[in-house]
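# Observations on the three-dimensional arrangement
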Amino acid sequence: MRRTLVTGALGQIGTELVPALCERYAADLVIASDVRMRQMPPSEAGQPCSSASCQFEYIDCTQPHQILEVVRRYDIGMVYHLAALLSAVAEERPQITWGVNMGGLWNVLETARQYGCAVFFPSSIGAFGPSTPRDDTPQTTIQRPTTMYGVTKVAGELLCDYYASRFSVDTRGLRLPGLISYTAPPGGGTTDYAVEIFRQAIKYRHYTCFLRGDTQLDMMYMPDAIRAMCELMEADGDRLSNRNAFNISAMSITPDELASAIAARLPGFEIDYDIDPSRQAIADSWPRSIDDSAARTEWGWKPAFDLNAMCDDMIEKLSTHARLPKTRRPE
Ligand SMILES: NC(=O)c1ccc[n+]([C@@H]2O[C@H](COP(=O)([O-])OP(=O)(O)OC[C@H]3O[C@@H](n4cnc5c(N)ncnc54)[C@H](O)[C@@H]3O)[C@@H](O)[C@H]2O)c1
């Protein structure tokens, strides 16, 4: 069996995808890589480091020879290409973002073309824009994003389509919503509030949110997202007609709703708001809810976690593993 390479493996998704792949296949069939070096001490949540059980290689995705060398050396047959700069960071550094997000994807696709690898590309709800229908956003619709992050995601979807049709590279992808997880901190996205709120709620019973309380966005708990990535890559390719950018959804929530669900479990929890205009503008250009019927029909997508199930699990896991003091935040 050929091996699987994960780029950007030390980020929020890779930290959970790598152990999941090791469990699904075998640790010696998975190669984790990142432009950062792997930290061996346990992470903040008290979990073992993401890729501790498998081989780790330094790869800067903007350097094509580094990808090529690892793919050749390990006989890689599948690449989960997670390396990217996220939405809030991308608005601060648009030029660098183009180089990492587009240059990195180009290098991965070129390597895949030469070595016959399948490629997973994580697109995003950021691939939509203000002119997209914001409720129940269809699978195929207007995509005119106004952020550099969104521009690279739409261009990435198209580039993956092109490599599939022109060079028969088995590219597949998901338009991921905001992801909520407890293992690794989020990497500078617009939906980071939905992760920070849990840590602050457990630690201080208080959170100051950078989005308006009524900002409705699609969210998903990380175990659902990891399962979706694995199931899509294992799905029968003949059944996929939207291969490179499936809408997937699990819950559509606001900061107010999330805060109420947390307060119901952590009495005394309070939220207040200090709006970040830059991230609010990004959120206001994204869909409020997504139609994921194509994913459900073509490869059987079904989320396991709704808002309540996610909150129960997040609070239990963070309280158990993080050993955060349940004291009030110092004034
Ligand atoms: N987390 C989410 O909510 C979310 C939602 C939708 C889509 N996505 C997409 O999923 C992918 C992974 O997201 P994440 O949340 O894990 O991001 P993250 O920021 O937590 O991790 C990205 C990783 O990429 C690495 N990286 C950056 N530049 C690199 C380079 N030049 N070469 C190699 N590695 C590099 C970083 O060191 C980091 O470990 C991204 O493409 C992101 O756009 C994430």
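Here, every reference points to the structure presented above.
Residues numbered from 1 in each chain as written. Predicted model: local features only at pLDDT ≥ 70, side-chain atom pairs only at ≥ 80, totals over all residues. Heavy atoms only, no water.

## Concerning the overall build of the protein
- What the protein contains, in helices and strands, is 11 helices and 12 strands.
- Scaling as 2.2 N^0.38, a compact globule of 331 residues should have a C-alpha radius of gyration of about 20 Å, and the protein matches this with 19 Å.
- Projecting the C-alpha coordinates of the protein onto the three principal axes gives extents of approximately 55 × 45 × 40 Å.
- Nonlocal contacts in the protein, meaning residues at least 24 apart in sequence, comprise 81% of its contacts between residues at least 6 apart.
- Both charge centroids of the protein, one from 32 positive and one from 41 negative side chains, sit 3 Å from each other. (Helix = DSSP H or I, 4+ residues; strand = E, 2+ residues; numbered from the N terminus. Rg over C-alpha atoms; globule rule 2.2 N^0.38 Å. Contact = heavy atoms within 4.5 Å. Lys, Arg positive; Asp, Glu negative; His and termini not counted. Charge placed at Lys NZ, Arg CZ, Asp CG, Glu CD.)

## As for a nonpolar patch on the surface
- Judged by side-chain polarity, Val35, Met37 and Tyr58 come together as a nonpolar surface patch covering roughly 290 Å² of accessible area.
- Tracing the backbone through its elements, the reader meets Tyr58 in strand β3 (residues 55-58). (Patch = residues over 30% accessible without salt bridge, like charges linked within 9 Å, V, L, I, M, F, W, Y side chains within 5 Å. Areas by Shrake-Rupley, 256 points an atom, 1.4 Å probe, with all protein chains shown as cover. Salt bridge = Lys/Arg side-chain N within 4 Å of Asp/Glu carboxyl O.)

## Thoughts on the site of the ligand
- Neighbouring the ligand are 26 residues, the closest being Gln12, Ile13, Asp34, Arg36 and Tyr149.
- Within the side chain of Lys153, one N or O atom sits 2.9 Å away from an oxygen atom of the ligand.
- Every element with two or more residues in the shell around the ligand is listed here: β5 (118-124), α5 (148-167) and β7 (178-180).
- Of the residues assigned to the shell around the ligand, the class counts are 15 nonpolar, seven polar and four charged. (Near = heavy atom within 4 Å. Polar contact = N/O pair within 3.5 Å; in protein donor to acceptor, adjacent residues only side chain to side chain. Nonpolar A, V, L, I, M, F, W, Y, C, P; charged D, E, K, R; others polar.)

## Some remarks on unusual backbone geometry
- Even without glycine at this site, Asp75 takes up a positive phi of about 50°.
- Topologically, Asp75 is positioned in the loop between α2 (64-74) and β4 (76-81).
- In this model, Ser168 sits at a positive phi of 55°, which is unusual for a non-glycine residue.
- In this fold, Ser168 is placed in the loop between α5 and β6 (171-176).

## Points about empty space enclosed by the protein
- Evaluated as defined, the whole model comprises one cavity of 30 Å³ or more.
- Size it by volume and the largest cavity reaches roughly 70 Å³.
- What lines the largest cavity is simply His81, Leu82, Ala83, Ala84, Asn101, Leu105, Phe121, Pro122, Thr152 and Lys153.
- Contributions of two or more residues to the lining of the largest cavity are made by α4 (94-115), β5 and α5. (1 Å grid on protein atoms, 1.4 Å probe; cavity = no way out; pocket = protein on both sides within 12 Å on 5 of 7 lines; lining within 4 Å. Points joined across faces, edges and corners; volume = space filled by probe spheres on them.)

## Observations regarding the pairing of strand β2 (residues 30-34)
- Burial runs high along β2: five of the five residues are buried.
- Of the two faces of β2, the one holding Val30, Ala32 and Asp34 and the one holding Ile31 and Ser33 are both buried throughout.
- Relative to β2, strand β1 (residues 3-7) is paired through three bridges, and the arrangement is parallel. Within β2, the position partnered with Val6 by the bridge is Ala32.
- A crossover links β1 with its parallel partner β2, the connecting element being helix α1 (residues 14-24), and its sense is right-handed.
- Relative to β3, β2 runs parallel, the two sharing four bridges. (Buried < 20%, exposed > 50% of the residue type's maximum accessible area, 1.4 Å probe, protein only. Pairing = 2+ DSSP bridges. Right-handed = clockwise from strand over helix to strand, strands pointing away.)

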